[in-house]
Amino acid sequence: MIKTTNILLLTIFSLSFLSCKSVHDRLQTGTIVRDCTGTYVRVAENEDYLVCNSEILEAKKDGEKVSVVYDDTKNCPERDGKIMCMMFHENKGMIRVKSVK
């Protein structure tokens with residue numbers, strides 16, 4: 001009986017943990033920052049995130065505050081093969097914006 005209960009509890013815990021891991025959307029408020037290296041969303045104190053799909057923010061001005069829903073990403077195919085300037089822009093990673101509020 002106790003062994004069955006432990007297995008059942010472990011199964012429920014595992015399923016709830018895995019279901020939480022599948023939620024990727026994040027909401028963040030930040031400032032649009034643009035330079036020759038790309039478009040970024042700056043949050044907190046100088047934490048910039050490179051926006052892969054920057055066309056979604058074309059209507060927003062540099063320095064404008066926005067709230068974005070995004071996913072972190074490791075790949076940015078939109079930037080592959082594009083020539084960027086030789087400037088370095090430190091960032092915390094790349095994001096793909098899903099919506100702008």
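Residues numbered from 1 in each chain as written. Predicted model: local features only at pLDDT ≥ 70, side-chain atom pairs only at ≥ 80, totals over all residues. Heavy atoms only, no water.

Colleague: Quick one: what's the story with the sheet that holds strand S5 (residues 94-100), residue by residue and with numbers?
Modeller: Read once around its circumference, the closed barrel built from five strands follows the order S1-S2-S3-S5-S4, with strand pairing classed as mixed. On average, each strand axis in the sheet is tilted by 60° relative to the strand beside it, whichever way the strands run. Judged from the six bridges that link them, strand S1 (residues 26-35) and strand S4 (residues 65-73) form a sheet pairing that is antiparallel. Note that in S4 the partner of Gly-30 across the bridge is Val-66. (Pairing = 2+ DSSP bridges. Helix = DSSP H or I, 4+ residues; strand = E, 2+ residues; numbered from the N terminus. Axes fitted to C-alpha atoms, helices over the stretch in contact; angles between N-to-C directions.)

Colleague: Which residues make up the pattern of salt bridges, and what values go with them?
Modeller: In total, this model carries four salt bridges according to the counting rule given. Note that Lys-98 is salt-bridged to Asp-71, the shortest N-O span being 3.5 Å. Placement of the pair is Lys-98 in strand S5 and Asp-71 in strand S4, with a sequence separation of 27 residues. By relative accessible area, which is 46% here, Lys-98 ends up partly exposed. Asp-71 sits in the buried class, given a relative accessible area of 18%. The partner of Arg-96 in a salt bridge is Glu-78, and the shortest N-O contact between them spans 2.5 Å. With Arg-96 in strand S5 and Glu-78 in the loop between S4 and S5, the pair connects residues that are 18 residues apart, well separated along the chain. Arg-96 sits in the partly exposed class, given a relative accessible area of 26%. Relative accessible area serves as the criterion here: at 28%, Glu-78 is assigned to the partly exposed category. (Salt bridge = Lys/Arg side-chain N within 4 Å of Asp/Glu carboxyl O. Buried < 20%, exposed > 50% of the residue type's maximum accessible area, 1.4 Å probe, protein only.)

The values are spatial; any link to function lies outside them.
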